[in-house]
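Chain by chain, the residues:
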Amino acid sequence: MRKEMVVASYRDETRVAVLESGELQEIFVGHHERRSIVGDIYKGRVQNVLPGMEAAFVNIGHNRNALLYAGDIFVEDDRQKGRRDISKLLKVGQEVVVQVTKDPMGSKGARLTTYLSIPGRYLVLLPQMNTVGISHRLDEEDRARLRKLVDEVRPKDVGIIVRTAAREAEAAELRKSLAYLNKVWRQVHRAAEKKRAPAILYQEPELEIKVIRDVLDGSFDRVLVDSHRSFRRIKQYLKMVAPDLADRVERYAHETPVFEALDINRQIRDALRREVPLPSGGSIVIDNTEALTAIDVNTGRYVGDKSLEETVLRTNIEAAAEVVRQLRLRDIGGIIIIDFIDMNEAKNRRAVLKALNQELEKDRTKTYVVELTKLGLVEMTRKNVSEGLVEVFGETCPVCHGRGVVFREP
């Protein structure tokens, strides 16, 4: 399987695609005028405290106030049992250092936390904590080795999360990464002491560097970049943090736009369709509502050559793989209901659920799956931090306002 990352620059946005054997798996889009603020750290001012919602609205300098829930407030030596009283934690006018965990969407403002983190390629620094976490995507042998290295390099009273990219890292690389993250944290801390709210204290890097930092690893064969500026910046970044990957960055300089040459734009258009075909002839149908996303599995023209149960099982297993691909590609978050085709045998339902969970292991975004019911329904949630593909490339119809139906006068 050939794995590639493709970076394309447009007049008002940057797009980064992840391909496996030419098939689009993930697409990241960053608007130059409307960039994501997830991960940015601000010094904000509390505008309203709402005990009934167990939350507060915080002014971070944007058009809409951001929301900070009581459970997302870091309290040193927190001995309070049960529900936190937001009115005892925050007061109107109080200045507070916060980090954005979710972009503003629709009519809702950004979501905040005061549990701060500074991400790097190998490590995530948790300056307020005193814990060590290691990526669950690493096997036990790698986890044990890295835990031993972290014990050597980690100062007391500093928390660290070891990322998947650190799989083959040595102590010197972890020490270098930690020194850089500590330097960034000291800059944030000094800025918080000097600046008046609302003010930005730390800003995540531009999209292409952020994706390279969070996604690129040794499994990628190449990174293809069509912009000289992005090519130079990516090369410089990798030479600092992962010199072994720097020579995999290639400059694309042909006349045909790179997303057209590699058939990526056609695959994006396909990903915006309601119905997605399956290899055997079945299909999945994806419908978005305000409350949840519903995904329906159909056999379509596939009739199989054995029993009905065998036909349904094969269609459902194909659908499980395609559903996860579409979740990653469209960046669908929130509550998701998958309506698999009914199966009579419990072992087949378990096989479909196992296939779904195996595919979800490829997904970097946190998911939680509830058991497959006798009706063939799977309830799951997927963390939603920014706009999905439909929101990025689509606009609500001004005629039907998203209903999909235009009514005549009664």
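Our subject is the structure that appears above.
The structure reproduced in this document is the subject of the present report. (Residues numbered from 1 in each chain as written. Predicted model: local features only at pLDDT ≥ 70, side-chain atom pairs only at ≥ 80, totals over all residues. Heavy atoms only, no water.)

1. Quick notes on the overall build of the protein chain
Next, step 1: The helix and strand tally for the protein chain stands at 10 helices and 21 strands.
Next, step 2: In terms of overall size, the protein chain behaves like a compact globule, its C-alpha atoms giving a radius of gyration of 23 Å where 410 residues would be expected to give roughly 22 Å.
Next, step 3: Projected onto the principal axes, the alpha-carbon positions of the protein chain cover approximately 70 × 60 × 45 Å.
Next, step 4: Long-range contacts, defined here as pairs at least 24 residues apart, represent 61% of the contacts in the protein chain between residues at least 6 apart.
Next, step 5: Carbon and sulfur atoms make up 49% of the accessible area of the protein chain, which totals about 22800 Å².
Next, step 6: Seen as two clouds, the 68 positive and the 63 negative side-chain charges of the protein chain have centres 5 Å apart. (Helix = DSSP H or I, 4+ residues; strand = E, 2+ residues; numbered from the N terminus. Rg over C-alpha atoms; globule rule 2.2 N^0.38 Å. Contact = heavy atoms within 4.5 Å. Areas by Shrake-Rupley, 256 points an atom, 1.4 Å probe, with all protein chains shown as cover. Lys, Arg positive; Asp, Glu negative; His and termini not counted. Charge placed at Lys NZ, Arg CZ, Asp CG, Glu CD.)

2. Digging into the pattern of salt bridges
Next, step 1: Counting across every chain of the model gives 31 salt bridges.
Next, step 2: Arg-213 serves as the salt-bridge partner of Glu-204, at 2.7 Å between the closest nitrogen and oxygen.
Next, step 3: On the basis of relative accessible area, Glu-204 is assigned to the buried category, the value being 7%.
Next, step 4: Given a relative accessible area of 6%, Arg-213 falls into the buried group. (Salt bridge = Lys/Arg side-chain N within 4 Å of Asp/Glu carboxyl O. Buried < 20%, exposed > 50% of the residue type's maximum accessible area, 1.4 Å probe, protein only.)

3. Details of a negative patch on the surface
Next, step 1: Taken together, the side chains of Glu-168, Glu-173, Asp-244 and Asp-247 present a region of like negative charge at the surface.
Next, step 2: Along the polypeptide, Glu-168 turns up in the loop between β12 (159–162) and α3 (171–194).
Next, step 3: Classification of Glu-168 by relative accessible area gives exposed; the value is 67%. (Patch = residues over 30% accessible without salt bridge, like charges linked within 9 Å, V, L, I, M, F, W, Y side chains within 5 Å.)

4. Quick look at the packing of helix α4 (residues 207–215) against helix α5 (residues 228–241)
Next, step 1: Packing of α4 against α5 brings their axes to within 10 Å, and their N-to-C directions diverge by 35 degrees. For α4 against α5, the interelement crossing comes out right-handed. Contacts between α4 and α5 involve Glu-208, Ile-209, Ile-212 and Arg-213 on the former and, on the latter, Arg-229, Ser-230, Arg-233, Ile-234, Tyr-237 and Leu-238.
Next, step 2: Split into classes, the residues belonging to the contact of α4 with α5 amount to five nonpolar, one polar and four charged. (Axes fitted to C-alpha atoms, helices over the stretch in contact; angles between N-to-C directions. Left-handed = near helix turned anticlockwise from the far one by under 90°. Nonpolar A, V, L, I, M, F, W, Y, C, P; charged D, E, K, R; others polar.)

5. Topic: the packing of aromatic side chains
Next, step 1: Counting across every chain of the model gives two aromatic pairs.
Next, step 2: Taking 6.5 Å as the distance between ring centres and 85 degrees as the angle between the ring planes, the aromatic pair formed by Tyr-10 and Phe-259 counts as edge-to-face. Residue Tyr-10 is located in the loop between β1 (3–9) and β2 (13–20), and its partner Phe-259 is located in helix α6 (residues 258–261); the two are separated by 249 residues in the primary sequence.
Next, step 3: We classify Tyr-10 as partly exposed; its relative accessible area is 30%.
Next, step 4: Pairing Phe-74 with Tyr-115 gives two aromatic rings, centres 5.5 Å apart and planes at 80 degrees, and the pair type is edge-to-face. Here the residue Phe-74 occupies a position in the loop between β6 (66–69) and α1 (86–89), and Tyr-115 occupies one in the loop between β8 (111–113) and β9 (118–119), the gap between them amounting to 41 residues.
Next, step 5: Against the face of Tyr-10 rests Arg-15, its NZ or CZ located 4.2 Å from the ring centre. (Phe/Tyr/Trp six-rings, centres within 6.5 Å; stacked < 30°, edge-to-face > 60°. Lys NZ or Arg CZ within 6 Å of the ring centre and 35° of its normal.)

6. Quick look at the pairing of strand β7 (residues 95–102)
Next, step 1: Relative to β7, strand β4 (residues 41–50) is paired through five bridges, and the arrangement is antiparallel. Each residue of the ladder has a partner; that of Lys-43, found in β7, is Val-97.
Next, step 2: Relative to β8, β7 is paired through three bridges, and the arrangement is antiparallel. Directly across from Gln-99, in β8, lies its bridge partner Thr-113. (Pairing = 2+ DSSP bridges.)

7. Quick notes on the environment of Phe-231
Next, step 1: Assignment of secondary structure puts Phe-231 in helix α5.
Next, step 2: Remark: the alpha-carbon pair of Phe-231 and Glu-23, spanning 208 residues in sequence, is separated by 23 Å.
Next, step 3: Leaving out residues up to four positions away in the same chain, Phe-231 has contacts with Val-225, Val-249, Glu-250 and Arg-251.

8. Examining the sheet that holds β9
Next, step 1: Taken in spatial order, the four strands make up an open sheet running β9-β10-β12-β11, and their pairing is mixed. The sheet is open, and its two borders are formed by β9 and β11 (132–134), each paired with just one other strand.
Next, step 2: In the sheet, β11 pairs with β12 via three bridges, with the strands oriented parallel. Within β12, the residue paired with Gly-133 across the bridge is Ile-161.
Next, step 3: Against the sheet, α3 engages β9, β10 (123–126) and β12, with an angle of about 40 degrees to β10.

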